[in-house]
Amino acid sequence: MLPLPGEDKQVSPYLAFYVIVTVQVGVAILSFESNLVKDAGQDMWISILMAAAATHVLIWMTYQILNKGENDVTVIHRQLFGKWIGGLLSFLFIMYLFMIFVLTLRTYIEVIQLWMFPQIQNWYVALIIAAIVYLYVIGGFRIVAGLCVISFFLTIPLMLLKVFPLMEGLITYLFPIFDYPITALAKAAKTMALNYSGFEILFFCYPFFKQAPQSHKWAQLGSAASTFIYLAAALVSIMYFTKEHLAEVFWPTLTLWKIVDLPFMERLEYLGVALWLFVILPNLCLYLWAATRGLKQLFAIRQKKSLVFFLFLGVLFCAFLREPAYTERLLRFINEAGLYVMYIYIPFLYVYQLIYHKLRGQR
Amino acid sequence: MKKVLFWTIFVLVIVFSQSIDPSILEDTQLITALGLDYVDEQMVKGTATAPLYPPGQDPKPIPVHFTATARTPQIAVQEFQRESQRPLRVGRMEVYLFSKELAKHGIRKVMDPAERSPQLGRDLQVALVDGSAEKMLVSSYRNGEMPSSYIMDLLEKNVKTLAPSTELHNLMNQLDGFGQDPFLPILEQTEEHIRFTGLAIFKDDQYIDELSFRESYLFRVLFERSTRGYYEVSYKGHYVALMNVASKPDYQFNGPQERPRLTIQLSVEGRLSDAAGLHLDNHGEIKELEQAWAREIKKKTERLTKHFQELGADPLAIGSKARSHYRSFNEAKWEGTYPTIPIEVRVDTTIQNTGLTR
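Residues numbered from 1 in each chain as written. Chains lettered and ligands numbered in written order. Predicted model: local features only at pLDDT ≥ 70, side-chain atom pairs only at ≥ 80, totals over all residues. Heavy atoms only, no water.

(A) How the structure looks around the sheet that holds strand S11 (residues 230-235) of chain B. Residues and elements named next belong to chain B. The four strands lie next to each other as S11-S12-S13-S14, forming an open sheet whose pairing is mixed. Here the strands that pair on one side only, and so sit at the sheet edges, are S11 and strand S14 (343-353). Taken pair by pair, the neighbouring strands of this sheet meet at an average axis angle of 40°, ignoring direction. Two strands pair when backbone bridges link them, and S11 and strand S12 (residues 238-254) are joined in this way by six bridges, in the antiparallel orientation. Looking at the pairing, Tyr231 lines up with Leu242 of S12. Against the sheet, helix H9 (residues 283-311) touches S11, S12, strand S13 (261-274) and S14, its axis set at about 145° to S14. (Pairing = 2+ DSSP bridges. Helix = DSSP H or I, 4+ residues; strand = E, 2+ residues; numbered from the N terminus. Axes fitted to C-alpha atoms, helices over the stretch in contact; angles between N-to-C directions. Contact = heavy atoms within 4.5 Å.)

This is how it looks when you write it as structure tokens:
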């Protein structure tokens, strides 16, 4: 049994709210509408609610698993499956988190290249961001959680910008409600479910909350807040674009910001792209922190060493992922993996642990 | 020591391998308006206004124009580069014009770069030129303004009250969206001014007809809520002008999806502003004037909708509204249904007051 982190490294349970919001609202929110509109049209908000409901159940399961295990996932794995199989599962989990880190970074670089500097090389941006991530993650979970809080409040003004396109939007585009068959809605919900991924972080940061079981309600609230943010984004996009046009646009949210015309600023989306770094940064930090923490638990590697290694690998990946076709393939792979992790692996772990504890109790 | 070495190398790498060429505002020339003329199937003639600000305090911009013929607008911009003093940038473009001739051959092709470019705003003003776009942009006008800012102000502040707004965003929505067709303001060059002459009606992306200035105003009343403008009504041998205080259209579909009937409920509130020769001091007379006004609007707007149906163009977005009304809407059949649906305009007019006198 590995020791739990000391109290001086822990944070208050309510910070689970910020951690979950920032990890769920990442780079995907800039583009998710155009993926959903192809399947669910104006009814995409129903799909979002469906995915949100499923996510709440999954978070509940996660907490059940963690409350019983009373430590992070590596310890639970070892307890349930033994040293070797448990270790392998933990290792795969860590790799999964690392790949999400790479993809998030790569997608943000793509936005920068598209919007601001077409000539800039991948590795250059990746290197700069990696340095910032290093400085945050090295500070430990408390610092990363604090960054989540800052990021949450920094991006509220960006949410308010939705008012501008809303004023030009047409309510009629939302009708008729429930016009799409339930199968289409479910398909879109499946796409949407991936945007909610990231709460798996809880498997690693659970022991870092004081009175950890109490953070459950905050995590649920955090997920509800992300739903609200996604819902607002989707509704505004449906009203502002026609369905057919929305399916053509790559980054609907960034395109929405183009309409904002302030007297002192001609084009606001540049500010938005820059500010979005603060949304991406805690995201990247959390994934990498969880990955390095997992390695520490597994192999007793110092987090600083594995962090430098991961960052180096991440920059390398981004440098070589230059063609959109490769990025897309990786994205599809990670999405598939994410679905398995969230909707098959977590329920499996939950049921397995239930049975395990029952059998042990009988014995 | 190791730490210092690491960060030193890091900073050196960051500083010396950056590959962004800086773009300093004072060293660039901003294209503020682009006009496109038709040459042939393949080629367009692009004309850009890129004011040059000479150094000094409070400089007056010098109008600079570039003209080039190319296959796509973007290549035309590159051609301008060959003669411009400073690097050209399109980020501040405010006006995008093309000639009627070009519009007749379809605008999708020339709108594509505007939609695709991350540098252009979604509130770019798009308009049609009756005649040559080049001539409109290179001429100088009485007010001494840059043609681009003149057109921009005209479209954004004045035409807005007379016709629905047509920014890039609306145009792209109309081009891609189901059950709606674009419309654009037409500008015409007079001796010393630029004049708004009416709205061009498109079928898909091709110009097919135009509305006069008066019809454009009625079109706006049918299209969206409006709060400005004047109506002219003939009443008992006099011509009366009524100010539009607030008008609001409401589209109601009745009947099954195969045979829909459309009623446009139009409520208009107005104020009498010009009624020489009339003495309106009792309620009955005002009521009568209201009714005459309503009849006038009904007659003219129904003529408009009828005309759109005959053209097969749908600038009022009736198809899109029908799709929002009917469940499991059959989009493929709509094109056949649209010209046949009976459209009735019901007008409800109220005269708020008669101004300062009776």
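(B) Looking closely at the pattern of salt bridges. Across all of its chains, the model carries 22 salt bridges over all chains by this definition. Linking Asp39 of chain A and Lys187 of chain A is a salt bridge whose minimum nitrogen-to-oxygen distance equals 3.4 Å. Here Asp39 of chain A is found in helix H2 (residues 32-40), whereas its partner Lys187 of chain A is found in helix H8 (residues 182-193), with 148 residues between them in sequence. The partner of Lys298 of chain B in a salt bridge is Glu302 of chain B, with the nearest N and O atoms 3.1 Å apart. In this pair, Lys298 of chain B and Glu302 of chain B both sit in helix H9, four residues apart, roughly one turn of the helix. The network of salt bridges with shared partners includes Lys298, Glu302, Glu344 and Arg346 of chain B. (Salt bridge = Lys/Arg side-chain N within 4 Å of Asp/Glu carboxyl O.)

(C) Focus on the UniProt feature "domain: Spore germination protein N-terminal" (unreviewed entry) in chain B. Sites flagged by UniProt as "domain: Spore germination protein N-terminal" (unreviewed entry) map to residues 23-188 of chain B. With 33% helix and 23% strand, residues 23-188 of chain B has its two end C-alpha atoms placed 36 Å apart. (UniProt positions renumbered as here; feature names shortened; annotations may be inferred.)

(D) The packing of helix H1 (residues 15-24) of chain A against helix H14 (residues 277-299) of chain A, seen in detail. Residue and element names in this part refer to chain A. With their axes 8 Å apart at the nearest point, H1 and H14 run at an angle of 105° to one another. Relative to H14, the element H1 is oriented roughly perpendicular. Across from Val19, Thr22 and Val23 in H1, the residues of H14 making contact are Pro282, Asn283, Leu286 and Tyr287. Broken down by class, the residue content of the contact of H1 with H14 amounts to five nonpolar, two polar and no charged. (Parallel < 35°, antiparallel > 145°, perpendicular 65-115°, else oblique. Nonpolar A, V, L, I, M, F, W, Y, C, P; charged D, E, K, R; others polar.)

(E) Looking closely at the domain arrangement of chain B. Residue and element names in this part refer to chain B. For chain B, the assigned domains are domain 1 (25-222) and domain 2 (225-358). Distance between the C-alpha centres of domain 1 and domain 2: 31 Å. Counting residues at the interface gives 20 residues for domain 1, matched by 36 residues for domain 2. Summed over both partners, the interface of domain 1 with domain 2 buries about 2300 Å², with 67% contributed by carbon and sulfur atoms. The largest share of the area that domain 1 buries against domain 2 comes from Phe178, Val221 and Leu222, three residues that together contribute 35% of it. At the surface where domain 1 touches domain 2, the tally comes to one salt bridge. Arg214 is paired through a salt bridge with Glu232; the nearest N and O atoms lie 3.9 Å apart. (Domains from an automatic or database assignment. Buried area = accessible area lost by both parts, 1.4 Å probe.)

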